[in-house]
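# Remarks on the overall topology
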Amino acid sequence: MGIKIKISALAISILVISGCSNTNSQPDEEMDHSTMDMDDDMKENEHMSHDEVVSLNDSTGENELKIPSMLKPDNEEGVVYTVRAQEGKTEIFDGIETTTYGYNGTFLGPMLRLEKGETVKIRTINDLQEDTTFHWHGLEVSGEEDGGPHSVIKPGEENIIEFKVAQEASTLWFHPHPVGKTAEQVYNGLAGLIYIEDENSKSLGLPGDYGKNDFPLIFQDKTFDDKKQMNYSAAMNEDGTIGDTLLINGTLNSKLTVNKEKVRLRLLNGSNARNFTFKLNTGDSFVQIATDGGFLNEPVTLKEVTLTPSERAEIVVDFSQLNTANDLALVNEDGSVLLPFEVSDQSGMNSSIPTEMNNFSLTEEEMNLPVTKKVELFGMMDQVTINGMKFDPNRIDFTQEQGVTEVWEIYNKPDEMGGMNHPFHIHGTQFKILSRDGKEPAENERGWKDSISIKPDETVKIAVQFKHKGVYMFHCHILEHEENGMMGQVKVE
Ligand code: C2O
Ligand code: CU
Ligand code: CU
C-alpha cells in the first residue's frame, strides 16, 4: 500500500470530491486512488484530480455504537408522533460540548417505526432559529406531505401531516430540505430513520431484534475545528463537503458488540457528499438483502457494497461463520477502519436468510416503454445544472400523470476534467432501474430504489411511477450540488 492521505481541515477546501472520476486522463496517468501520493497529484494537476478524497481516520473502537431510540407514539390510541427539530449541545468528544442539531434530542433523530397499512399522523415542530422543512426521503406520500423546499416551517411553528403507509418494508430516512440550508442543517445533525415493516418482513425470519441483531448504521463524515465544533461554512466545499472524521449514528470511534449470529446492518450513507464502499477487513463476504425501498427477491452475496449519499442497503453478516479470532471490522474501500466488531461468545438467535424474500419484477411492458423524460446532469462546483438549468422554485420542469409509469433517462454528461459521480434522487417514489448504459443493472440493484449513483458518461434508464399527486423534487444528493441548483421539479397530476 502506498501513503495514506491525511490532510488538515484547511486543505480540505481545495480538495475535490468523492465519486469524481477522471475519465479523460490517459491510461499512463491513471493511478490507483487508494495509493496515490498527494504531492505527486498536486504537481500533476493544479485543479487536482477528481480521484482524491481525504481519508477517514480509523475508528479506534473505544466507544460502543449509539443506537437511535425508537420513537413512541404520543398516546395509545392514534398513531401520532411528534418530531421536533431543535438545537443543542452534544458530547461527541469526551468532555467537550459540540453545538449540534437534532430531532427530539440534540443530535440526529429517533427511529420512526411504521407499519404498512396504518395511517400515521406526524406533528412536526420547528424549534430552530431558522426555517426548516421535514422531508421523508423514500416515502411515497403526496407532494403536500413530502416536506420539500416549498413546505417551510418557520421558527416556533408547527404542522401536522397525515398519510397512509402504502409501501413495502424498507429503511427510509428523514431530513430537512429548506432552500439554501439543507446541506448545513443535515451536516449539523438533522437526520433520522424510518423503518417500514409489513407482513412479509415480519414473516421472513430475518434478524429483526432492534439494537440486538438488527442495527441501523448512519454514516456521516465531518470536519471538526480545533474547538471540536462543526463549522459548516469553514468546512464547506462547493463540490460536496467531505470530512476526515467519521461518525456512525453520531458516535465517534465506534465499535459494535455482536453475538455469534447473523446480524442485520441497515446501512445509510447520510453524508453530504462522501461515497462509501463497505467491506469486511478479512475479505469475507456478506449478503445484501434490501435496497433503498425494499427487499431484493433473493439475497445477493457480495464482498463489498458501494453507497453514494442517501442510498441505503441492508446487509447480513453471519458472525457464527466468521473466524472471530481475527479482529473483525467494517472497512472502507481504502482500508480505513469504519466500525470494529467485538464478537461475544454468545450464540444469539437463530435467524435465517430465506432464499425468496420479495416479488419485485421488471415487466416486459416496462422494458419496452419509450423514454419520455430526459435528464442531463452536468458540471461541478457551483456550475452544476440539470438540463442546462439551475433550480427555480417557480419553474415546473416536468409533468407526469399519477399512477402512470414513465421511463426517465438520466445522462451524466462529462466535462473536460472527466466529471464526477452524481447520486440522483427523486422524491415521493420508489423506482426501478431498467438499464445502465443499455445493460442490465447489477443483481443488488434489482430492487426498489429512490437514489442511484450515475458515473460520468453513463446513461441510466429508470421506470418511475408516482402513487400520489403533488410537486416533487428530483436532484443530485450531493447536498452542496443540490444547493447549487442541481435540482428540478416534477408536477404529478
Ligand atoms: Cu434526501 Cu430531496 O432528499
Ligand atoms: Cu428525498
Ligand atoms: Cu452532483
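The rules we used
- Residues numbered from 1 in each chain as written.
- Chains lettered and ligands numbered in written order.
- Predicted model: local features only at pLDDT ≥ 70, side-chain atom pairs only at ≥ 80, totals over all residues.
- Heavy atoms only, no water.
- Helix = DSSP H or I, 4+ residues; strand = E, 2+ residues; numbered from the N terminus.
- Buried < 20%, exposed > 50% of the residue type's maximum accessible area, 1.4 Å probe, protein only.
- Contact = heavy atoms within 4.5 Å.
- Patch = residues over 30% accessible without salt bridge, like charges linked within 9 Å, V, L, I, M, F, W, Y side chains within 5 Å.
- Areas by Shrake-Rupley, 256 points an atom, 1.4 Å probe, with all protein chains shown as cover.
- Salt bridge = Lys/Arg side-chain N within 4 Å of Asp/Glu carboxyl O.
- Lys, Arg positive; Asp, Glu negative; His and termini not counted.
- Charge placed at Lys NZ, Arg CZ, Asp CG, Glu CD.
- Pairing = 2+ DSSP bridges.
- Axes fitted to C-alpha atoms, helices over the stretch in contact; angles between N-to-C directions.
- pLDDT = per-residue confidence, 0-100.
- Phe/Tyr/Trp six-rings, centres within 6.5 Å; stacked < 30°, edge-to-face > 60°.

### A few points about the side chain of Glu409
Of note, Glu409 is situated in strand E25 (residues 406–413). Here Glu409 falls in the buried class, since its relative accessible area comes to 17%. With residues near it in sequence (within four places) discarded, Glu409 still touches Val371, Lys373, Lys374, Val375, Thr459, Val460 and Lys461.

### Digging into a negative patch on the surface
Taken together, the side chains of Glu62, Glu91, Asp94 and Glu97 define an acidic patch exposed on the protein surface. Relative to the elements of secondary structure, Glu62 occurs in the loop between helix H2 (38–44) and strand E1 (63–64). What makes Glu62 exposed here is its relative accessible area of 51%.

### Regarding the sheet that holds strand E31 (residues 487–492)
Reading across from one edge, E24-E31-E30-E26-E28 is the order of the five strands in this open sheet, with mixed pairing throughout. With partners counted over all chains shown, the strands left at the sheet margins are strand E24 (398–400) and strand E28 (451–454), one partner each. Adjacent strand axes in the sheet meet at a mean angle of 25 degrees when their direction is disregarded. Pairing analysis gives four bridges linking strand E26 (residues 422–426) to E28, with the strands arranged antiparallel. Within the sheet, the bridge partner assigned to Pro423 lies in E28 and is Ser453.

### Focus on the sheet that holds strand E4 (residues 111–115)
The strand order E4-E9-E8-E6 describes an open sheet built from four strands, whose pairing is mixed. Bordering the open sheet on either side are E4 and strand E6 (135–137), each of which pairs with just one other strand. Sheet twist, expressed as the mean angle between neighbouring strand axes with direction ignored, is 25 degrees. As defined by bridge partners, E6 adjoins strand E8 (residues 170–175) across three bridges and the pair is classed as antiparallel. Opposite His135, over in E8, you have His175 as the bridge partner.

### Observations regarding the confidence of the model for the protein
Considering every residue of the protein, the mean pLDDT works out to 91; 89% of them sit at 70 or more. Taken together, the stretch residues 1–50 has pLDDT below 50 and engages in 101 contacts with residues farther than four places along the chain or on a different chain.

### Quick notes on the pairing of strand E2 (residues 80–90)
In terms of strand pairing, E2 meets strand E5 (residues 119–126) through six bridges, oriented parallel. Bridge pairing in E5 places Val83 opposite Thr124. In this sheet, strand E3 (residues 98–103) lies alongside E2 in antiparallel orientation, the contact comprising six bridges. Across the sheet, Gln86 pairs through a bridge with Gly102, a residue of E3.

### Notes on the packing of aromatic side chains
Inspection of the entire model under this criterion finds 16 aromatic pairs. Their ring planes at 10 degrees and their centres at 5.4 Å tell us that Phe276 and Phe278 sit as a pair that is stacked. Each of the two residues, Phe276 as well as Phe278, counts as buried. Through a chain of ring-to-ring contacts, the aromatic side chains of Tyr103, Phe134, Trp136 and Phe174 assemble into a single cluster.

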